[in-house]
Amino acid sequence: MSKTKSTSERNGINKEQCLGSVINRALTCNSQWPDKDEFLDVIYWGRQVLGVALGLVWGFIPLKGFIGLFLFCVINAAIVYFYASSFQGIDEEEFGGMWELTKEGFVTSFAGFLVMWIILYSGLHYD
Amino acid sequence: MWADTLFIVFISICTALFGEGLTWLLVYRTEKYQKLKAEVERQCKRLEKKKEAHGDSIDRQQKRKIEREEERLKNSNRDLSLVKMKSMFAIGFAFTALLSMFNSIFDGRVVAKLPFIPISWLQGLSHRNLMGDDYTDCSFIFLYILCTMSIRQNIQKLLGFAPSRAANKHSTNLFGPQPQQLSGYK
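Identification of chain B as Calcium load-activated calcium channel from Portunus trituberculatus is taken from an unreviewed UniProt entry. Of chain B, the UniProt comment under Subcellular location (unreviewed entry) reads exactly: "Endoplasmic reticulum membrane".

Looking at an unreviewed UniProt entry, one finds chain A named Rab5-interacting protein and attributed to Scylla paramamosain. Per UniProt, chain A has the following entry under Sequence similarities (unreviewed entry): "Belongs to the EMC6 family." We quote the UniProt Subcellular location (unreviewed entry) comment for chain A here in full: "Endoplasmic reticulum membrane".

Notes on the overall build of chain B
Looking only at helices and strands, one finds seven helices and two strands in chain B. For chain B, the α and β elements follow one another from N to C terminus as α-α-α-β-α-β-α-α-α. Counting over 186 residues, chain B shows a buried share of 38%. Taking the intrachain contacts of chain B between residues at least 6 apart in sequence as the baseline, contacts between residues at least 24 apart amount to 67%.

Some remarks on helix 5 (residues 106–125) of chain A
Each α-helix turn comprises 3.6 residues. Residues three or four places apart therefore point the same way. With 20 residues, helix 5 of chain A ought to run about 28 Å at 1.5 Å a step, and its terminal C-alpha atoms sit 27 Å apart, in line with that. The element helix 5 of chain A is largely enclosed, with a buried count of 14 among its 20 residues.

Here's the deal with the packing of helix 2 (residues 36–60) of chain A against helix 5 of chain A
All names here are of chain A. At a minimum axis separation of 7 Å, helix 2 and helix 5 run at an interaxial angle of 20°. Here helix 2 is positioned roughly parallel relative to helix 5, judged by the angle of their axes. Our pair here, helix 2 against helix 5, has a crossing hand that is right-handed. Residue-level inspection shows Tyr 44, Arg 47, Gln 48, Gly 51, Val 52, Leu 54, Gly 55, Leu 56, Trp 58, Gly 59 and Phe 60 of helix 2 in contact with helix 5, the latter providing Phe 106, Thr 108, Ser 109, Phe 113, Met 116, Trp 117, Leu 120, Tyr 121, Leu 124 and His 125. In terms of residue class, the contact of helix 2 with helix 5 is made up of 13 nonpolar, seven polar and one charged.

Describing the confidence of the model for chain B
Residues and elements named next belong to chain B. Taken over all residues, the pLDDT of chain B has a mean of 82, while the share at 70 or more is 88%. At the level of individual helices and strands, chain B shows its lowest average pLDDT in helix 7 (residues 179–184), which scores 37, and its highest in helix 5 (residues 140–159), which scores 93. Low pLDDT, under 50, characterises residues 173–186; the stretch is placed with 17 contacts to residues that sit more than four places away or in other chains. Our summary of model confidence lists the complex with pTM equal to 0.83 and ipTM equal to 0.83.

Quick notes on a positive patch on the surface
Residues and elements named next belong to chain B. Together, Arg 60, Lys 63, Arg 64, Lys 65, Arg 68 and Arg 72 make up a positively charged patch on the protein surface. Counting through the fold element by element, Lys 63 comes out in helix 3 (residues 60–105). The partly exposed category is assigned to Lys 63, whose relative accessible area is 38%.

Re the pattern of salt bridges
Residues and elements named next belong to chain B. Within the structure shown, the criterion is met by nine salt bridges over all chains. Of the charged contacts, one joins Asp 137 and Lys 113 as a salt bridge, the two residues approaching to 2.8 Å between their closest N and O atoms. Within this pair, whereas Asp 137 is found in strand 2 (residues 137–138), its partner Lys 113 is found in strand 1 (residues 112–113), the two being separated by 24 residues in sequence. Taken together, the salt bridges that share partners define one network made up of Lys 113, Asp 134 and Asp 137.

Brief notes about the UniProt feature "transmembrane region" (unreviewed entry) in chain B
Per the UniProt entry, the sites bearing "transmembrane region" (unreviewed entry) are residues 6–27 and 88–106 of chain B in this numbering. Secondary structure within residues 88–106 of chain B divides into 95% helix and 0% strand; the distance between the first and last C-alpha atoms comes to 26 Å.

Notes on the packing of aromatic side chains
Each aromatic ring pair is summarised here by two numbers: the centre-to-centre distance and the angle between the ring planes. Residues and elements named next belong to chain B. What the rule picks out here adds up to 21 aromatic pairs over all chains. Ring centres of Phe 106 and Phe 140 lie 4.9 Å apart, and the angle between their planes is 0°; this geometry places the pair in the stacked category. Of this pair, Phe 106 sits in the loop between helix 3 and strand 1 while Phe 140 sits in helix 5, and the two are 34 residues apart along the sequence. On the basis of relative accessibility, which here comes to 3%, the residue Phe 106 falls in the buried class.

Concerning unusual backbone geometry
The step from A:Ile61 to A:Pro62 runs through a cis peptide bond, and the omega angle for that step is -10°. Within the fold, A:Pro62 resides in the loop between helix 2 and helix 3 (66–87). The backbone of A:Asn30 sits at a positive phi, close to 50°, despite the residue not being glycine. Tracing the chain through its elements places A:Asn30 in the loop between helix 1 (2–27) and helix 2. Positive phi outside glycine occurs at B:Asn129, with the angle close to 60°. Relative to the helices and strands, B:Asn129 resides in the loop between helix 4 (120–126) and strand 2.

Points about the UniProt feature "transmembrane region" (unreviewed entry) in chain A
The UniProt feature table records "transmembrane region" (unreviewed entry) at residues 42–61, 67–84 and 105–124 of chain A. End C-alpha atoms of residues 67–84 of chain A are separated by 26 Å, and the span's content is 100% helix alongside 0% strand.

Topic: the nonpolar core
Of all hydrophobic cores here, the largest spans 35 residues; its most connected members are A:Phe113, A:Trp117, B:Ile8, B:Val111 and B:Phe140. Every element with two or more residues in this core is listed here: helix 2, helix 3 and helix 5 of chain A together with helix 1 (2–28), helix 3 and helix 5 of chain B. Among the nonpolar cores identified, the runner-up in size contains 14 residues, and A:Val22, A:Leu40, A:Val80 and A:Met98 belong to it.

About the criteria used
Residues numbered from 1 in each chain as written. Chains lettered and ligands numbered in written order. Predicted model: local features only at pLDDT ≥ 70, side-chain atom pairs only at ≥ 80, totals over all residues. Heavy atoms only, no water. UniProt positions renumbered as here; feature names shortened; annotations may be inferred. Helix = DSSP H or I, 4+ residues; strand = E, 2+ residues; numbered from the N terminus. Buried < 20%, exposed > 50% of the residue type's maximum accessible area, 1.4 Å probe, protein only. Contact = heavy atoms within 4.5 Å. Expected span 1.5 Å × (residues − 1). Axes fitted to C-alpha atoms, helices over the stretch in contact; angles between N-to-C directions. Parallel < 35°, antiparallel > 145°, perpendicular 65-115°, else oblique. Left-handed = near helix turned anticlockwise from the far one by under 90°. Nonpolar A, V, L, I, M, F, W, Y, C, P; charged D, E, K, R; others polar. pLDDT = per-residue confidence, 0-100. Patch = residues over 30% accessible without salt bridge, like charges linked within 9 Å, V, L, I, M, F, W, Y side chains within 5 Å. Areas by Shrake-Rupley, 256 points an atom, 1.4 Å probe, with all protein chains shown as cover. Salt bridge = Lys/Arg side-chain N within 4 Å of Asp/Glu carboxyl O. Lys, Arg positive; Asp, Glu negative; His and termini not counted. Charge placed at Lys NZ, Arg CZ, Asp CG, Glu CD. Phe/Tyr/Trp six-rings, centres within 6.5 Å; stacked < 30°, edge-to-face > 60°. Core = buried A, V, L, I, M, F, W, Y, C linked by side-chain atoms within 4.5 Å.

The structure is reproduced here in structure tokens:
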């Protein structure tokens, strides 16, 4: 029992260290990404945060109509593009081209953005 | 509207957790699934490595070997889908019952206001069972689907139940092989 616990604790510490290292590299420019999936995960979760943040901003302003949707798509794609190519300076071909990076987690992020936008817009401006 | 929208978000978090819990109980924890998943991941990595190593200068023998590997991977993927099928049916029944219950609770109720007018083929969903012609009125089902799209995928990823990217790339969907797979045959 104690052996199992100590193993899980060790794994927990390893996981935390690994997560810390990934966050550290994600925030440092021109980091090395030997594991491609780690970088794609950073893009994925970054996108989710961005989607929710943009949804909150659009809801507070409030932005209306297809311009809101269009601006989200443009800003979302542009930030990921500049983050990957300029900030991290990665070779996009290693990840299957810029299209693969641009669409990583896009649908989920879009759904999160819409939920936030709709909830705030309805709650703040229609209640 | 706050109460309705937040309640729908809560419902979709609960149903996503329930769905994943049920799938874990019926599929993820079984030895057969874990074995097959590991097998698919291993085969995917081997195939990727082979394709990368040979690149464009591929002779007929190598091509045949890669095709054989792809065939094996396809079979493993099919077996994996069959194992998952059991839980998909269980979840399908449970969710149909839950959805019809929530549909009757929110029947004819505007749960939110959309900040945009959805395109015509989405209006059937966003304006389902609602009176009037104001297409910015949002029905329960539309918000629930959006919440589920965002929450379920993230929960799967957080819990580590989402299929790996390599496996996703090689799995076939209802509409046939994905473009990346087709490019492998060139």
